[in-house]
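Results of the structural survey
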Amino acid sequence: MNIIADGGSTKIDWILYDDSAVLARWQSPGLNPSLLSKAEIMPSLQEQRKEIPAGKEVRKIEFYGAGCTVVASKVMTECFQEVFPEAEEVITGSDIIGAARVLLGENKGIACILGTGANSCLWDGTQIVMQTPALGYILGDEGSGAVLGKMLVNALYKGALPARVKKAFEESYSIDMFRVIENVYRKPNANVWLASLTRFIAEHIQEEGMEQLVMENFNLFVNRNILPYRCPECPVSFVGSVAYHFSKQLEKALHANGLSLGKIVQSPLDAFLP
């Protein structure tokens, strides 16, 4: 049996499969190995071990995750090897490498992730040849759910959106400005909470000014992350829930900047299966 996982800051999608079929599919809370110690990562992987049927062994593990830098990937590999000592092969790498393989395969193009966070790269068919740094949701991550949520809150409380939208927001989340500030500045995983607000945006996309927020976020992403690749002929493809649920606005932003949309995949895991 083999395991493959697509890891984000919000959730991790796991698949257990053999040469002929998917045996199990499940989700677990997200983790970012760049922000966590080995001791903090291990309990999560030990929980995933419980998904393996008794008496069965895992031979190959692939984990592509947010925050899997070269150093963090080594830590993830060590954790997997301790939790699954029978595994003959453990491959860990960044989520953008996994996305590029799914979206582009052996073709040249630009691969992007738009979920809780954002990332992109220029792919030559075998490897990343250029990558604009994402910088995280405070310094960057334009296009992401976290940044879109941040833009929503800003617009609501600075009067850039109608009062009725603010009222609907506060009723939907049983929240006010002071609790918003508490969630962002005083509680952990502010990026995940902010990204969760994109559901409200999708549900109220027809409200005055709402689509404009989405377009502004995507235009920032294109200008700061895609145009620097200087490859206008390259199709731009995406994985992630934000790209999937706001595909109409995303395509508009690309076309406005002279770029073409390749494909959009909500979850990349199916492409890895036999």
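As a convention, each chain's residues are numbered from 1 in the sequence order in which they are written. Residue-level local features of this predicted model are given only where pLDDT is at least 70; pairs of side-chain atoms are given and counted only at 80 or more, and the full residue set underlies all totals for whole chains, interfaces and linings. With hydrogens and water stripped out, all remaining heavy atoms of the structure feed into the side-chain values.

Topic: the packing of aromatic side chains
The condition is simple: Classification of ring pairs uses Phe, Tyr and Trp, with its six-membered ring standing for Trp, and accepts pairs whose centres are within 6.5 Å; under 30 degrees between planes counts as stacked, over 60 as edge-to-face, and the remaining range as tilted. Where helices and strands are cited, they refer to DSSP runs of H or I of at least four residues and of E of at least two residues respectively, numbered from the N terminus. For the exposure calls, accessible area comes from a 1.4 Å probe over protein chains only, and a residue counts as buried if that area is under 20% of its type's maximum, exposed if over 50%, partly exposed in between.
In the structure shown here, the tally under the stated rule is 9 aromatic pairs. Judged by centre distance (6.1 Å) and plane angle (45°), the rings of W14 and F63 are tilted. Separated by 49 residues along the polypeptide, W14 in strand 2 (residues 11-17) and F63 in strand 4 (residues 60-65) bring together distant segments of the chain. Given a relative accessible area of 1%, F63 falls into the buried group. The structure contains a cluster of three or more aromatic residues connected by ring pairs, namely W14, W26, F63, F80 and F84.

A look at the packing of helix 5 (residues 145-157) against helix 6 (residues 163-173)
In helix packing, the relevant descriptors are the interaxial angle and the interaxial distance, both defined with respect to the helix axes. Selection criterion: A fitted line through C-alpha atoms represents every axis, and for helices the fit uses only the stretch in contact; the resulting angles, taken between N-to-C directions, go from 0 to 180 degrees. Comment on the angle field: the value is read as roughly parallel under 35 degrees, roughly antiparallel over 145, roughly perpendicular from 65 to 115, and oblique elsewhere. Each crossing is labelled by how the near helix is turned from the far one, with a counterclockwise turn of less than a right angle marking it left-handed and a clockwise turn marking it right-handed. Residue contacts follow a heavy-atom distance rule, with two residues in contact if any of their heavy atoms lie within 4.5 Å. Ten residue types, Ala, Val, Leu, Ile, Met, Phe, Trp, Tyr, Cys and Pro, are classed as nonpolar, four, Asp, Glu, Lys and Arg, as charged, and the remainder, Gly among them, as polar.
At a minimum axis distance of 9 Å, the contact between helix 5 and helix 6 shows a crossing angle of 125°. Relative to helix 6, the element helix 5 is oriented oblique. In this structure, helix 5 crosses over helix 6, and the sense of that crossing is left-handed. Within the contact between the two elements, helix 5 uses L152, L156 and Y157 and helix 6 uses V165, K166, F169 and E170. Along the lines of polarity and charge, the residues of the contact of helix 5 with helix 6 split into 5 nonpolar, no polar and 2 charged.

Section: helix 6
The criterion, for reference: The directions considered for the arc run from the helix axis to the C-beta atoms.
Along helix 6, the residues that are buried comprise V165, F169 and Y173. Axial view of helix 6: buried residues confined to an arc of 50°, hence all on one face. For helix 6, exposure combined with an orientation more than 90 degrees from the buried face picks out A163, K167 and E171. Of the surrounding secondary structure, the elements contacted by the buried residues of helix 6 are helix 5, helix 7 (177-185), helix 8 (190-196), helix 9 (198-203) and helix 10 (210-226).

Here's the deal with the state of the cysteines
The following threshold applies: Disulfide assignment relies on a single distance test, namely cysteine sulfur atoms paired within 2.5 Å.
This structure, assessed with the given rule, holds 1 disulfide. Here C231 connects covalently by a disulfide to C234, the sulfurs 1.9 Å from one another. Because the sign of the S-S torsion sets the handedness, a value of about 45° for the bond joining C231 and C234 places this disulfide among the right-handed ones. Accessibility expressed as a relative area gives 6% for C231, which makes it buried.

Remarks on the nonpolar core
Our working rule: Working definition of a nonpolar core: buried Ala, Val, Leu, Ile, Met, Phe, Trp, Tyr and Cys residues. They are joined through side-chain atoms within 4.5 Å.
Membership of the largest hydrophobic core comes to 44 residues, with the highest contact counts inside it found for L114, L152, F169, M210, I226 and F238. Among the elements that make up this core, the one with the highest residue count is helix 10 (8 residues). If we ignore the near neighbours within four places in the chain, the residues touching I226 are I110, C112, S120, F221, V236 and L259. By size, the runner-up hydrophobic cluster in this structure holds 23 residues, among which are M1, L16, I52 and I61.

A look at the pairing of strand 3 (residues 22-29)
The condition is simple: Strands are treated as partners if at least two bridges between them are detected by DSSP.
As judged from the 7 bridges shared by strand 2 and strand 3, these two strands associate in the antiparallel manner. Its bridge partner lying in strand 3, D13 is registered against Q27. Taking the residues that link successive antiparallel strands as the turn, the strand 2-strand 3 hairpin has 4 residues.

Examining unusual backbone geometry
Even without being a glycine, S174 presents a positive backbone phi close to 50°. Relative to the elements of secondary structure, S174 occurs in the loop between helix 6 and helix 7. Located in the positive-phi region is R230, a residue other than glycine, with phi close to 50°. In this fold, R230 is placed in the loop between helix 10 and strand 9 (236-239).

Regarding the pattern of salt bridges
The cut-off we apply is this: Each reported salt bridge corresponds to a side-chain nitrogen of Lys or Arg within 4 Å of a carboxyl oxygen of Asp or Glu.
Applying the stated criterion across every chain yields a total of 12 salt bridges. Of the charged contacts in the structure, one is a salt bridge between E82 and K38, with a shortest N-O distance of 2.5 Å. Of the two residues, E82 is situated in helix 2 (residues 70-83) and K38 in helix 1 (residues 38-49); the sequence distance between them amounts to 44 residues. Note on K38: relative accessible area 29%, which makes it partly exposed. Its salt-bridge partner being R164, residue E207 comes within 3.0 Å of it at the nearest N-O pair. With E207 in the loop between helix 9 and helix 10 and R164 in helix 6, this residue pair connects regions lying 43 residues apart in the sequence. Each of K38, E78 and E82 takes part in one network of salt bridges that share partners.

Observations concerning the sheet that holds strand 4
Strand order in the open sheet made by the 5 strands is 3-2-1-4-5, with mixed pairing throughout. Across the chains shown, the open sheet's two edge strands, defined by having one partner strand only, are strand 3 and strand 5 (89-94). The mean angle between the axes of side-by-side strands here comes to 10°, regardless of whether they run parallel or antiparallel. The sheet contact formed by strand 4 and strand 5 spans 6 bridges and is parallel. Pairing of I61 across the sheet is with V90, part of strand 5. Strand contacts of helix 2: strand 2, strand 4 and strand 5, with the helix running at about 150° to strand 5, the strand carrying the most contacts.

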